[in-house]
Each structure stands twice: as C-alpha cells, then as structure tokens.
Amino acid sequence: MKWMHILSFCFALCACAEDIARTKEGFPIPTAKPQFQFPRDHGSHPEYRIEWWYITGQFRDEQQGRYGFQATFFRYALNPEGRSRKDALGQDQLYMAHMAITDVSSQRFLYEERLNRDGWDAHASAKDLDVRNGNWSLKRIEKENMHLLASVRDAVEMDFMLSPAKPKVLFGDAGLSRKGEAPSAASWYITFPRLQLSGTLRLDGEERKVRGEAWMDHEISSSQLDKHQVGWDWISVRFKDQTEMMIYQLRDKEGKSDPYSTLAWIDREGKVTHMGPDQFSWTGKGTWKSEKTGAEYPIDVELTGSRPDGRPFRFKVRPLMRAQELSGALGGIAYWEGACEILEENEVIGEAYMELTGYSESLGESLQ
Amino acid sequence: MKQPRASSMAWLQFSRLSLRHARKAPWSTLALLSIVALGVAVFFSIRLANRAAVQGFQLFSTSLSGEAEARISAPGGSLPMDQLPELRSHFGSLPVTLLPVLEATASLPGTGQDGDGFDAEQVAVIGLDLLALRNLIYVREQAQYEAEASEEWARVDFGSQTQIHLTKALADQLLVDTGDSFPVILGDTLHRLQVQTVLHPTEFQVGASEKLILMDLPGLQSVLGLEDRVDRVEVILPEGKQRAALRKRLSAALQSLPTDRWAVDSSGNATSSAESMTEAFRLNLTLLSVLSLVVGLYLILQALEAAVVRRRSEIGVLLALGFERSWIRRAWLVESLVLGLLGSSLGLALGWLLAQAAVQAVAQTVNALYVSTTAEAAAWHSGDAALAFAIGVCAALLSGWLPARDASRSAPVQVMRQETRGGGIQLLDQARFGWLCLALGALFYPLPALELGETLRFPVFGYLAALCWMIAAAILCGHLFAPMARALHSLSDRSPAWRLTLSQLRAPTGRHKLTVAGLVVAVGMAASMDILIHSFEGSVTKWIQHSLRADLFIAVQGIENASNRNRISEETWRHMAADPQVSHLVVGHIHEQAFQQQSTFVVGLRGTGGDVMANFLWMNEPPSGFSLGDRTADGAIQVLISESFGNRFQLQVGDEFNLPSPSGVLPLHIVGRFADYGNERGSVVMDGEELSRLWKDSRGLNVAVTLKEGADLGLVRGRWMQEYPGLAIRSNRMLREEVLRIFRETFSVTHALKAIGILVAVAGLALALFSLLIDRRQQLQTLRELGFTRKGIRHAVSSEGLLITMLGLLGGLLLSLGMGSILIFVINRQSFGWTLSYRLPWWSMALLAGGVLLAGWVTSIGVAQWGQRLKGEISE
Amino acid sequence: MDLTLQAQSPSQSPSESSPVCRVEHVLKSFDQVQVLRGVSFSIQEGERVALMGPSGCGKSTLLNCLSGIEEVDDGRIYVGQTELGSASSEARAGLRRSEVSTVFQFFHLLPTLTAEENIEISLQLQGGFSATERKDRVQELLEAVGLPDRAAAFPETLSGGERQRIALARAMAHRPRLLLADEPTGSLDSVSGSRILDLLEELCAKHRIAMLLVTHSEEATRICDRCLRMQDGRLVGEA
C-alpha cells in the first residue's frame, strides 16, 4: 500500500500550498466560502475529523399512528492522515450510527447504536452519498432522492425514500457555520430542510405504509466546539406554512448562551435568514430526568424572538413523548433527541425535532 | 375368609425378610449395590466425559455473542473478507449482526524445550472485531444492555498485534494480570503478548475454566500473515419478541446463498461441527459403555440369582406356609427395584467422579484424532443422569426377573433337603440357538454400513455380527464343559478332589454356563480390542516406515492435527531450503475443506528436490512418470486420494470430481490412492504450489527436510531450534516415537474398558462360585464326613474355578479371533475407512490370558477358602 | 462274601481289651445351649449299640463329635488309640477315612457322582489302592449291598432304599472299625428300612465292625446288643 502513503503525502503538499488551516492534530479546518461540488460533497470527507449525516422526521401510518424517527450516521477520523482505504477493517476511520424511533401512540421509544471501523461492514463513499453501517444505509439514488434502510433492535425496520420538497440550503457563510471563537470551531453545514418521506415501516413484525416529512443535516468539521462550551441545544422546525426554522444554541460552563448561537429562518423559496443570539431566546420551562443516566433535560422549551419581517414570536415546544433519551452506551455521550410539536397560542403550527446535549457531561472536550 | 392382598404380602416379605437379610449381611448387600452402581457409573461417566470432551470445542465467540443463528464459512477453507460486503448486501435490511471470526492456536512455551513440542499446552486464540463486538449489547434484551458496556472495553487498542484479552482461568495459570506480558508461539514465531484486560468469569458468558486468548481481528490477521481472511462469519439475530419471525426470514436468506461460495451451518449450535466430526467415535464409545452396562446387568443377574439360592430354604418355608408364588415373585421384584434405585443413585455419584478421570482419557483420544479440545472437567448433565438412572433401575428389575421367577418356582420346604442343582438362564442351554447366532453373524459380516443421514455411516451390521458371535460363543462354550470333563477324565483317578471337580463340570449347572458366558464375552471383547489395536499399530508402523524418510521434520509447536491454526511461513521454509546443509525438503500445505457437506482435507506437497512420491504407501500406484502438478488433457488437476477419502466419498482411481476452493470449483482427476492412518476424514493430495495459488496461502503445516550426505543432523537441528523457537524440530526417530505415542493415546480409552470387562467377568466368577458352594453346602458337609481334608475341599473348589476360567478364556480367545476380524475388516473399515492387516498380538494376548487365569485362580482360591468352612445344615 | 480278601487294614488285629471307642464326660454346647452334659460310654469291637432319645437331646451332636466333625468342649473321646481332642483337623479327617464311617438319614450321596463313583471316592480318599483294585473292590461292595447292576446310576435315579444301600457300601468301603449310623431308616418305608437294618447287621457282624445306631424306632434296636437312652444331653439309662 505504498502508493497510498505517497498519495496522502501529495494531498498534504497540496494542502500546504493552499495554506489550509489545520487543528493542532493536523486535521484541516473547514475553509470559508467552500466550493461544494454535488453530488461529490454529499459524500464523505475523510480527511476531516468529524462528519455526520443526520436525518430526523415525523411520519404517520395508514391508521394515523404517529411516529418520530432519527437516523444518524457519524464518521470520525482517528488520525489526520486518515483516508478512506480499502482495508476490510481499516484503522483510520470509525463509523458510529444511531437509530431511534418514537411510537407516539404507544409511547414507546426504541433506539440502537452502532460503532464500527471503516471497512467491510461500515463505510462512506467519498464520491457520493453512500453511507452504511451494518444493515443500515443511506444512499443517494437519483437526483437528490435518498434511500434509507434502518432498523432498531428486533422490533423495527425502516425502508424509506426521502425526496427534497425544497432545495438544499447552506447554513452560515455560504455553508461555513461558525461554532465558536476558536478558528477551528467551524463546520460546513449542508441541509435538506424538508424531505418528503414515503416507504414502509415494519413494526413488531407488521408492515405498514408510512408518509411524512424529514430534515437532513450534513455537517463536516474537525472541531465542533470550543473548550469552554459544554454542549448545545438544537431544534429544527417545519411549519405548516412550508417555512422552516433551525436553532442551535451553544452553552458555556455557566449555562449561558454562546455568541455564536444562531437562529436560521428558511422561507418558502429556500432563502435563509440568520439571526444572532441577541435576536432570540431559548428558555427551558420544564425538565425531564433520565433514570438511566441521571441527566436532567429541559425538554419543555419556550422560544421567543422576532421573525425576519420583524414580527415577534413566542413558540412553545411540546415533546410528543418525554423519555426520548439515547444513553450513549457505545459513543459515551448521552443526549435527548426527540419528536416535538410547535405551538403558538396553543395552536399546533408545525412539527419539530429537538436535540439537547451536554446535560450529563461536557461535550466540549470529548468533541475537541 | 379374606384373601390377603398380594402387594401387602410382598411388602411383608420384603420388610420382614429381605431387609433383615440385608442388615444381617451388610457386606454382601453392599457388594450387590456396588455392582449396580458400577454398571451405572461406567455408563454415566463415559457419557459425561464424552460430552465434556466435545464441549471443549465450544467456540469462544459463540459464547460471547449468545447463540449464533448460523455460521457461514467458505466451502474452500478460509473466507476472504472482500466477500463479506456481498454477504451483507445479501441480507438486505434484515437486522443481523455478522461477526467474522479467525481462530488460531497459541502454544504456551515452557514445556517442550527440546523441540519436541507435542507437550506444549495449546490455547485457542480467537480473533474478533472487538469494536464491533460491543455493538452486541444492543442485540441482547433491553434490560441487560447498558450494564455490559464495560469501561475497559472502551480502551481497547484496536488492531494491536500484541494487546490481548484473556480469560480468568488462563490469567491464573500464567500468573499474569493487566499490563503484564507473556510469550506464546503464534504462527511459527515467538510473540510477547500484553494483557490488556482479564475477562471477568461472567463477562460475555465465558466459562470459568476456559482458557482463551482474545485478540482484535486485524491484529491476529497480521500476526498470522492472513490479511483479510477469516475462518467463518457468525450470524447473530437480536433477541426479543420478533426473533422467531426474523429467524424465518434469515433461514430463507441463508438458503438462497449460492452454495459454491458459502457453506452455512445453521444448526445454531457451535459445537455441531465438532460433534459431527466425532460422531462416529462417540457412537462407538457409547456402544462400549452400553456394553459395559450389559456386563453389569449380567453381574446383577448373577448376584440376585445367588441371593435366591442362599434364601431358597426361606422361600420353601414361605411356600409351605401358604405364600402364593406370585407374592414371592413380587417381593423379589420389589427387592431388585430397591436395589436398582439405591445402586443407581450410588452409581451416579461414582460415575460423576469417574467422569472427571475419564474426561482426560477421552479428551486425549479426541485431541489425537480430531481437533484440540480444552475439556478439563466433566459437568453434571441431568439428561444423562436420568438416562443412566433409568437404565440402572430397569437393568436391576430385568435381571431381578429371572431370579424372581426362579425363586417362585422353588420347592416347598418339605422337599428342600433334596439336592438342588440349578441357576442360570435357560437360553444358555439352547445349543441350537448358539449355532443360529453363529450363522447369523456370518450372514451380517459382509453387509455394508448403514447410511445415517448425510454425514454419518454406521457399521450397524458389523456390530450385529459381533453381537451374534458373542452370543453364539457365550452359549456354545457352556456346552464345552462335558467334553472338557471327558477329556480330563484321567485326572479323576489321580485324586478324589479331581474326581469331584470333573464330576461337577461333567454335568454343568446353568450357573456354570452363565459364568463361562460372562468370561467368554469379557475375554473376547478385551482380546479382540487387543487384536484391533495391534493390527492398527502394525499397519501404522509400516506406514510410518514408508512415509517418514526424511532426516528432520518441522512443524509448528502444539497438537499435530489440522485444527492447529499455526503454520510455517513461506519465508521460513524458503530460508530452510536455502541452508547449505540441506539437500532438499518437502513442504506440506493443508487446508480443511468442506466437500459434499463433510469436512475433509486438501493437502499440497511441494518438494525442492528428491522424489515426493516415494513417501506414499500405495494402494493404487499412479502410472509411472506421473508427477504432482500434472493435468489431464481437458485441464483437470491430477490428484492422489487417501484410502479413507475414497471410502467416505465413494471415489476411486480414474474418477473425476469437483472440489470447491477459494478460487472456484476445481475439476479433479484421481490417479492414485494411498494408505493414510493420520486422519480418518480423508485427504486429497495435489501439487503444493498449485494448492498455495488456489487457496491463496503459501504457509506450510510441516516441512520434511533431507540433509546432504555427511551433514550433522544434531548441529542443523540445534541451530534451527535457536533460530525458530516457535517450531518443533524433530529427528526422524523422535517423530516416529511421537506418532506411535499419539496413536497409543488414541486408544487409551479402550484399555480402561478392557480392564472393566475383565474385572466384571472375574467378579462374576467369584459370585458364581459362591452361589455354587452355598448350593452345595450339604455336599461339603458330606465330603468332610467322608474324610476330605480342608485342603482337599479347597483344591476341588479352586480347580473347578480354574477350569471354568480356562474354558472361558479359551472360548473368549476363539471369539476374539472372529470379533477381531469384524473390528478390523468391517467396523473399522466402515467407520474410519482404513485397511489394516490382521495381526495377532501374541504377547498381549498371552498376558491377558495369564492375567485372567491368575485372577480366576486367585478368586477361586479365595472362594474355596471361604467355602471350606461352610457348615451343612445342622439337623438337631 | 469276604471283604478282607484284598487289603490289609490297620484295624485288622484289635486288642480284645481296648474298646473301639470310648467317650468320657463329654460336654458340648452351641451358643450357650448345653447339648451334651457329661456323656460317658464305650463301645467294644463288633458291638452294636443303639442310641435313643427324643429330638434335640443331642444324639446327632454326639455322632458328629465321634466322627471328629465337631470338637468337644470338655471330656475326651477315644477312637481306637486316638484321642480326638488332641488330634489335628487333618488327623481327624484321616480317622474318618480309615476308622470311622457314617451313614445318614438323608444318605448324603454326592449328586454329581454315579453310585460306583460315590463308593470309589471313599476308597480313593483312603488311598493305597490302584485304580483296578478300586474298581474290583467297588464291584464287590455293590454286590454285597445287592446292587451290582446300578453301578453307573446317578443318585437322583435311585430309590431311597437303594441310595441308602449305596451309602452303606460307601461307608463300608474302607472297612472302618466304627460305623456311625444316624437314623439310617428314618426316611425309608418300613420294608426298605427293615432290609437296611438286616444289611447293617450282616455286614457289621461279618467284619466285626462296631456300630452306634441313632434311632427313634424300637424295631431298629433288634439288631443291637444294647441300647443307650439319652435325654437333655445325658445318658439316662441302658437296656
């Protein structure tokens, strides 16, 4: 495999020539004004340290049974020379994946984690969107339609087609999303804010046709958080009026919101408007405590601020189920990620997925 | 008048008489109990030991992952990992965990420093994807999965070639703990392994006594030089309510796997392949244990029968008092039932203890013949216990039946003073039945083995023939008493004791016949086993002399069978070939190979000079000018097959067949057949270079080195031993000795059985003589009144015992000739596929004869000593 | 019939003054039950003595002591010159082979030997005869008891009377000086019994064999010179 080393040496030289900034471990830091090329950039970027393809959504079966789901594929590079190799069990990349389903009607939450090294049973193509981890896979099939195969333990199998109802958006500065003061705390952030979902759900051995909508993030970075940051809260909302909203709020050790926290509005045409932390507030109103991890999550949330047109808003986030925690037995990070609905003046105006991290331990250091 | 109930009268008889007899004669009661116990114990212990030895194969990964639903391997030996994605996509969205497994063996150095690595202890090294293994916590039931994600596993150094995890048992043996390192031989080289974690005994359900090393798969692959190859893939389904439904879908998916590339073992039982491998062996062992139980049954029968004789007068009194015969029969059955229950319980305990000892012997046999097993202790098995218990009780009842009938037929006390002569079973009086059995045996002899399923051929007719001849010999020998007495008649005039003895044998009682039958069977069994083993040894010796001609034989340390995963790297054997002292060498490559759903071996021979073909002991020699690597006109590879291969797969010279391989299906053409007593699963031999190419593995299992004329063997050996500490380097003589030693180990179980058989037969003789004397106590009194001295009586009784023994011995030896031929030409050939030349082990048989005679004589003297004091009934 | 034709018996020329058997104050008990309580008597050569008494009075025990099968607790028994108490077990067995013979109520023939062999074994035990001598002598004995044609018969094929005659022949074979007869007619019908008594009388008289006859039957006393009566282990009278 000598040529591999030579090749990576060449890449390194090129990188130097372009004067790409690097983390102290030597991972490249996402650059400003990225020149994305699709579908290549839907695929993997193995030289960067962290990457994920993150789908959350809600759907209903023919009997109007309501469900939320999360399908997440992570990639971690173990060393900066890491390239996606052809080894059956590579030593350079790790793939983690989380699958979860919320069965609202029976108030059941099931999840499963998986951690594999790069190789025969887990891989992400660097050419196109084609990620797999065991029997779970996410693949672009034509245009920007995607096929998701997933399962949760013995009870759930999902076979979904996801097709964009709206074009993808690039958050931040043309796709570069800053997450902190440190120059390395940044990511490339590509999102499909509204995907039409259709397919089959096999639940407890019974197959059901399902329809719904989903949100997908694809983020690439080498260091997500600053050291002083302990975690983040994130929410994606799909309003009934075909607009969307996304918030990430970075929290420091004192629990205060970081200046790099962001709210983004997406209008019907897909135009994004960003707002800083001074233009919105995220307030926890009620908590749920996990018996398993002991973490206490502020899952009843009030969001206030103003819309792009200046009108103020006051939204209430209502989880469809309280116990939607993934305990992180493999990844080591426990977090709450669950299906919610959004209410304004007691009226449901959209569906949401909320993520609350760093409530059991600080993520700043583990994700450095 | 009210009729008393039979059962209550039987109970009365049992409680008032039988129990009191037992109390009055505690030793004979104990003896009776121990006989039942011994029979049950032998049966039980052999089953337990057997089970333990087979369970030693239990693969670690399976215990790690819970129950694997199926195991997938390549029909052509090892499985390239680049085929695994295809396997994954074959299962689609089905939530199966696929766990690739690579197995190796590590030898623990410390023994075998003289290069004789046979004694080096072997432990299994399992290569698993340790990272993926953690995913299995989600495969288990919800309740468990959080707790099992052990902290230590998060620190695993993935892909390390030195970091290992080991079981508590092994850590304790090596006296190592986390952070320590220790040397092992892996592949052909010495490695230092560092302990990263010691697995807690309960962690991952590893058995407390298992000695295993666990290593990350890529690390083990690179240590062994087997990049991207595994032995098999374990298929695991998540636990839960849907498992049954998933299992159905999985089995459909498994069935649609193309069989030319994948071999599926979906029995769900990791030990199944080991089980099927040793099936024939275990069946034989079980049969032997049943046989020993039958002999035990014979003893019980004799013992109860003797008890009837002892208490005949009591029975007579009961009859005279108006007891009905059926009550008496019932009471005797109750007695044998109680005997069976107590004796069987005792037998289970004894059997369990015996099993602990026997497991070593069985494991040794299994190790030598098949694959390495780590069995150390036999665990209790309730199923086997229940079976042994039931058999013990039934045997006691069954053997109580004849004496019970006998008892109920006793004469009332009024005629009791008549001399009684009887005992034994009537069947033994039927000479015609004996001749019939002899003829039946001859009829069964030439019949072929019975096919039991696809993988098991069972020589049922061979066993039937042996059984028939055994019965025939047992019956017919009883009819030799009179001729023998006639032939020895002249001794009658020599002394009154001889006259008396010969007069007893002239008209033998049933008890005489039963005794001689027991001796005949025991001696016959023992001697025929001797004949088998001796013939085997002779053939093996001849084979060794023919096959082992080189000066030095090099193999990896440890058990010498194909299950030893260690191999000699190409670099090593090439380096040896280049040694200036070496004339030439032959490298043996070997792969385990599935063929027609059975496991066999492909062997490749690669010579760097000399005549590779000279080492074969031909049964069908290939045409002159043939050399390995030749192909037929249409491209089929020309191969040699071993005799057992031909027998197992019904192939002979001239046939063509297709063998799967990692490089696809190979057309093969058989040009020669050779004798090979090394394995019973058979082997196909082709050119080593071709094999390396097709199986993508150039490592050798062994290397036979011929040195140049004048080279110093000791010097070369010493030098190489320094250079390759992981290799066992043996001289020709050492190897021959070792092969024979392993061979003898293989038969270590049979010696124990032989001893038990003889012991039981001699105990039967003692019992018979006791009963005869009790039967004749009045006669003894008469003899004394006639002026017989004690010595005279002792002489008469002991010579009677000796003559019975001699007759039994003679009959047994005759029987053994026939049984030996059945064992060699029918049973052995049908179950192992080996041709052996019939050889009589004169020394061993003479020793056996001497031993039996001595045992018979000592026993007879002992009984006679006791009998000379036996008082007649005192009338007033 | 002359049974002295052949061998020289050691008992050939007895002294008239010494009795064949002398019993002096014999005591014998089994398990603390006193069976013989000081029995004394003697029997002269050729004398036939009946011993009578109720069951369990110790008659058979006395016979067993006389034949040396049982040892006495106290007192002395002389057979010829031999004192049984000081003789070894072998010596006592030797006496049974030469001086003393017993016939039993239940005959005690060895079942596996023919009539002929039953007699012959006795001679064989005594020793000193060649095989042909033994054969001849057996033939004579068979003729003496009137069964020359039953030589090859096994005991089980003989009648009770026949069996007793064979037993008698066996007892006479080595020409003892003392014959102990334990109810020899006890299991025979009166005709057979009577014939056995005649035979006993005839043979003993002819060879001057002393006999102690244990019996319940008054009829049997007819062949005896005197009659001892026994009760509770003691001799209570003589007729």
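On a predicted model such as this, the values are computed, not experimentally measured, just so you know.

Definitions and cut-offs
Residues numbered from 1 in each chain as written. Chains lettered and ligands numbered in written order. Predicted model: local features only at pLDDT ≥ 70, side-chain atom pairs only at ≥ 80, totals over all residues. Helix = DSSP H or I, 4+ residues; strand = E, 2+ residues; numbered from the N terminus. Buried ≥ 20, exposed ≤ 12 C-beta atoms within 10 Å, placed from the backbone. Contact = placed C-beta atoms within 7 Å. Nonpolar A, V, L, I, M, F, W, Y, C, P; charged D, E, K, R; others polar. Pairing = 2+ DSSP bridges. Axes fitted to C-alpha atoms, helices over the stretch in contact; angles between N-to-C directions. pLDDT = per-residue confidence, 0-100. Core = buried A, V, L, I, M, F, W, Y, C linked by C-beta atoms within 7 Å. Domains from an automatic or database assignment.

**Some points on the overall build of chain A**
Step number 1: Within chain A, the regular secondary structure consists of two helices and 23 strands.
Step number 2: Looking at chain A as a whole, 51% of its 368 residues qualify as buried.
Step number 3: Taking all contacts inside chain A whose residues are at least 6 apart in sequence as the whole, residues at least 24 apart take part in 57%.

**What about the overall build of chain B?**
Step number 1: Looking only at helices and strands, one finds 28 helices and 23 strands in chain B.
Step number 2: The burial tally for chain B puts 53% of its 876 residues in the buried class.

**Describing the interface of chain B and chain C**
Step number 1: The interface of chain B with chain C comprises 23 residues on the first partner and 25 residues on the second.
Step number 2: When residues of the side of chain B that touches chain C are traced back to their parent elements, those giving at least two are α18 (496-506) and α26 (777-786) of chain B.
Step number 3: A per-class count over the side of chain B that touches chain C returns five nonpolar, eight polar and ten charged.

**Remarks on the sheet that holds strand β3 (residues 48-52) of chain C**
All names here are of chain C.
Step number 1: In space, the six strands of this open sheet follow the order β6-β7-β8-β3-β9-β10, with mixed pairing throughout. Unpaired on one side and paired on the other, β6 (100-103) and β10 (234-238) mark the two borders of the sheet. On average, adjacent strands in this sheet sit at an angle of 20° to one another, irrespective of strand direction.
Step number 2: Pairing of β3 with strand β9 (residues 226-231) involves four bridges; the strand directions are parallel. Bridge pairing in β9 links M52 to R229.
Step number 3: Strand contacts of helix α5 (residues 160-173): β6 and β7 (178-182), with the helix running at about 175° to β6, the strand carrying the most contacts.

**Regarding the confidence of the model for chain A**
Step number 1: Of all residues in chain A, 90% attain a pLDDT of 70 or more, and the chain-wide mean is 86.
Step number 2: For residues 1-19 of chain A, every residue scores under 50 in pLDDT, and the model assigns this stretch six contacts once sequence neighbours within four places are set aside.

**Re the nonpolar core**
Step number 1: Judged by nonpolar contacts, the single largest core of 201 residues is most densely connected at V520, V523 and V684 of chain B together with A169, M211 and L213 of chain C.
Step number 2: Among the elements that line this core, the one with the most residues is helix α19 (residues 510-547) of chain B, at 18 residues.
Step number 3: Mapping this core onto the domain boundaries places at least three of its residues in each of domain 3 (479-551 + 736-876) and domain 4 (558-725) of chain B.
Step number 4: Leaving out residues up to four positions away in the same chain, V523 of chain B has contacts with A761, G808, L809, G812, L813, S816 and V852 of chain B.
Step number 5: Core analysis: the second largest hydrophobic core is formed by 146 residues, L89, A97 and L250 of chain A together with V184 of chain B among them.

**Here's the deal with the interface of chain B and chain A**
Step number 1: Between chain B and chain A, the residue contacts involve 36 residues of the former and 27 residues of the latter.
Step number 2: If you list the elements that add at least two residues to the side of chain B that touches chain A, you get α4 (84-91), β3 (97-108), α5 (130-133), α8 (217-224) and α9 (243-255) of chain B.
Step number 3: Examining the composition of the side of chain B that touches chain A, we find that four residues originate from one element, α4 of chain B, more than from any other.
Step number 4: When its residues are assigned to classes, the side of chain B that touches chain A shows 21 nonpolar, six polar and nine charged.

**Quick word on the pairing of strand β1 (residues 21-30) of chain C**
Residues and elements named next belong to chain C.
Step number 1: Inspection of the sheet shows β1 paired to strand β4 (residues 74-79) by five bridges, in the antiparallel sense. Directly across from C21, in β4, lies its bridge partner V79.
Step number 2: Two strands pair when backbone bridges link them, and β1 and strand β2 (residues 33-43) are joined in this way by eight bridges, in the antiparallel orientation. When the sheet's bridge partners are listed, L27 is paired in β2 with R37.
Step number 3: Counting the residues between successive antiparallel strands, the hairpin from β1 to β2 contains two residues, one of them, D31, with a positive phi of roughly 50°.

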